[in-house]
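Listed below are the residues making up each chain.
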Amino acid sequence: MSTKPEDRPPKSGRAGGLWAKLHKFAYFTSFLYACIILLLATPFFQRHALYQHAFKIPWGAKFHLPEKYGLAPGKTLNFKLTTSDNVTIGAWFVLSEPFYQSLRTSSSTPLEQPSLKTVQESLRASPTILYFHGNAATRAAPLRLQHYSSFTSRLRVNVLVIDYRGFADSEGIPSEPGLTEDAKTAWRWVLEKGAKPEDVMLVGHSLGTGVTSRLATWLAQEGVKPRGVALLAPFTSLASLVETYDLGGVPILQPLQSFAIGRKLMKKLIQHHFDTLSVVQDINVPLLIAHSQNDIDIPHSHSRTLLDVLLDPHLPAPPVSFPATPDQILSREDYAAYVEAQKQRRARRSELVRKVEMPTFGTIEEFNGTAGKVVYVETFWGAHNDVGLQEGVQDVIASTFRLGPLI
């Protein structure tokens, strides 16, 4: 017996099957996203995502053999420091190139790793940079080696670099207070070995700018003035950075930015802050900030914001604040006063800031801040990791802090 067409069950169409698959995919990705956010909210995973200290590049590094990674024989001392909370961290002290060459040419035998006595002599002979690197990898990473070599030769300084707790061959678990204590330990060490505060400069890159800022403000509170501070590719705070930060090229936290509850939740979940924006005005020595326009890890707008905060005390205060939320409306008179005040602030800024534009390099802005000279270098090139290797940036560092041949 035949069945009439109208009595047959309807066939599932391709469109229905596709929609079902899309729904399943949406549910799965939403669940996966929620799991990732929950994992990042836990101290363990958040710590590893931020510091990436498990990536000990180069793997299996032989820190007692700095020559293996390109440094000259007998130029670098590998040693350990012990912090006030009893954590042992690894460090390298790299002699300045002029001092090293004087040793090399006067020795009839190959140089061995410098002794503490040699380090003390070098500290007295040349200024020293305390270099605080970014997240991931170790002090033996190739890119960081380029910084030491360049600083010791072009700037003619010694370089002390530490691996924070939990990094490389250092003990402990990284944290904001912990990294700050590591930086303080490095500072105390160079002074104990004979360096004068005015001969020691603080340089931080990326995550290291947060560490540098905390060390610099602690020194200011103690009434101590180092030679200066340089922040290479800094961020205003981690809370601001994660709003746009990509994790492996994926802006994983940006969906939370699309609604107010998500933004509040994200800020509550962040357990490490490194809030440079709130302390940068407390730095009591000349300051240089350098950032490249093609930095895709930390946008150069972070450095611009830091510069604006440093400039703000020197500009006329606006009589009216701009509304914080769209539902607040200024009166016609208040709006006119606000516009006029902004015009005056721009005019005053033009008077204060000396600006030099270099068509093949970038822009240099400079003004006299509360605690001395403030210099901002915005380069066209350098991306995130190479901005400190730009010779143009190093030349500005040399002239700002009286380093290199200019000493």
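Our structure's up above, just so we're on the same page.
Definitions and cut-offs
- Residues numbered from 1 in each chain as written.
- Predicted model: local features only at pLDDT ≥ 70, side-chain atom pairs only at ≥ 80, totals over all residues.
- Heavy atoms only, no water.
- Helix = DSSP H or I, 4+ residues; strand = E, 2+ residues; numbered from the N terminus.
- Buried < 20%, exposed > 50% of the residue type's maximum accessible area, 1.4 Å probe, protein only.
- Areas by Shrake-Rupley, 256 points an atom, 1.4 Å probe, with all protein chains shown as cover.
- Pairing = 2+ DSSP bridges.
- Right-handed = clockwise from strand over helix to strand, strands pointing away.
- Arc of directions from axis to C-beta.
- Core = buried A, V, L, I, M, F, W, Y, C linked by side-chain atoms within 4.5 Å.
- Contact = heavy atoms within 4.5 Å.
- Salt bridge = Lys/Arg side-chain N within 4 Å of Asp/Glu carboxyl O.
- Phe/Tyr/Trp six-rings, centres within 6.5 Å; stacked < 30°, edge-to-face > 60°.
- Lys NZ or Arg CZ within 6 Å of the ring centre and 35° of its normal.
- Axes fitted to C-alpha atoms, helices over the stretch in contact; angles between N-to-C directions.
- Lys, Arg positive; Asp, Glu negative; His and termini not counted.

Comments concerning the overall build of the protein chain
- Broken down by element type, the protein chain carries twelve helices and ten strands.
- Across the 407 residues in the protein chain, those meeting the buried criterion constitute 46%.
- Here the protein chain displays about 20,600 Å² of accessible surface, and carbon together with sulfur accounts for 57% of that area.

Quick notes on the pairing of strand β6 (residues 228-232)
- For β6, the buried fraction is high: five of the five residues fall into the buried class.
- Here β6 shows no split at all, with G228, A230 and L232 on one side and V229 and L231 on the other all buried.
- Both strand β5 (residues 200-205) and β6 contribute to a ladder of five bridges, which runs parallel. Directly across from H205, in β6, lies its bridge partner L232.
- With respect to chirality, the unit in which β5 leads through helix α7 (residues 207-221) into the neighbouring parallel β6 is right-handed.

Comments concerning helix α2 (residues 43-51)
- All of the buried residues in α2 are Q46, R47, L50 and Y51. Looking down the long axis of α2, one finds its buried residues gathered within 105° of arc, a one-sided arrangement.
- Count one or two residues on from α2 and you reach Q52, which has phi positive near 50°.

Regarding the nonpolar core
- If you look at the biggest cluster of nonpolar residues, it comprises 57 residues, and the most contacted ones within it are F93 and L160.
- Contacts of L160, omitting those with residues within four sequence positions, involve F79, A91, W92, F93, T128, I129, L130, Y131, A186, W189 and V190.
- With 35 residues, the next largest nonpolar core counts I129, Y148, L232 and V387 among its residues.

A look at unusual backbone geometry
- In this structure, P58 follows I57 across a cis peptide bond, with omega equal to -5°.
- Within the secondary structure layout, P58 lies in the loop between α2 and β1 (76-82).
- We note that S206 has phi near 55°; this positive angle belongs to a residue other than glycine.
- With respect to the helices and strands, the residue S206 is situated in the loop between β5 and α7.
- Of note in the backbone geometry, R402 takes a positive phi value of approximately 55° without being a glycine.
- Position of R402 relative to the elements: it lies in the segment after α12 (391-401).

Regarding the pairing of strand β4 (residues 158-162)
- In terms of residue burial, β4 counts as a mostly covered element, since five of its five residues are buried.
- Here β4 shows a buried face lined by N158, L160 and I162 and a second buried face lined by V159 and V161.
- Sheet topology places strand β2 (residues 88-94) next to β4; four bridges connect them, and they run antiparallel. Paired with W92 across the two strands is V161, which belongs to β4.
- With four bridges joining them, strand β3 (residues 128-132) and β4 adopt parallel strand pairing. In the strand pairing of β4, T128 is matched with N158.
- Taking the sense of rotation as the criterion, the β-α-β connection linking β3, helix α5 (residues 142-155) and β4 turns out right-handed.

Comments concerning the pattern of salt bridges
- The full count for this structure, using the stated rule, is 19 salt bridges.
- Note that R345 and D312 form a salt bridge whose closest N and O atoms lie 2.6 Å from each other. On the criterion of sequence distance, the pair formed by R345 in helix α11 (residues 332-352) and D312 in the loop between α10 (301-311) and α11 is long-range, its members being 33 residues apart.
- In this structure R345 comes out as buried when scored by relative accessible area, which is 14%.
- Put simply, K80, R139, D163 and D169 are held in one network by salt bridges that share partners.

Regarding the packing of aromatic side chains
- Inspection of the entire model under this criterion finds eight aromatic pairs.
- Taken together, a centroid distance of 5.4 Å and an interplanar angle of 80° make the contact between Y164 and F167 edge-to-face. For the pair formed by Y164 and F167, the shared burial category is buried.
- These aromatic residues form a ring-pair network of at least three members: F63, W92, Y131, Y148 and F151.
- Cation over ring: R139 sits above F63, and NZ or CZ is 4.2 Å from the ring centre.

With respect to the sheet that holds β6
- Taken in spatial order, the ten strands of this open sheet run β1-β2-β4-β3-β5-β6-β7-β10-β9-β8, and their pairing is mixed. The two strands at the open ends of the sheet, each matched to only one other strand, are β1 and β8 (354-358). Strand after strand, the sheet turns through a mean of 15° between neighbouring axes, direction not considered.
- Contacting β1, β2, β3 and β4, helix α4 (residues 116-125) crosses the sheet at an angle of about 60° to β2.
- Here α10 sits on the sheet in contact with β7 (287-292), β9 (362-369) and β10 (372-379), set at roughly 155° to β10.

Overview of the side chain of R144
- Following the sequence through the fold, R144 ends up in helix α5.
- One buried charged residue, R144, remains without a salt bridge, the closest side chain of opposite sign being D163 at 5.1 Å.
- Setting aside its immediate chain neighbours within four residues, R144 contacts H133, G134, N135, A136, A137, T138 and R139.

Some thoughts on the environment of F79
- Positionally, F79 belongs in strand β1.
- Taking the C-alpha atoms as reference, F79 lies 10.0 Å from L116; in sequence the two are 37 residues apart.
- Setting aside residues no more than four positions away along its own chain, F79 makes contact with I89, G90, A91, W92, F93, L160 and W189.

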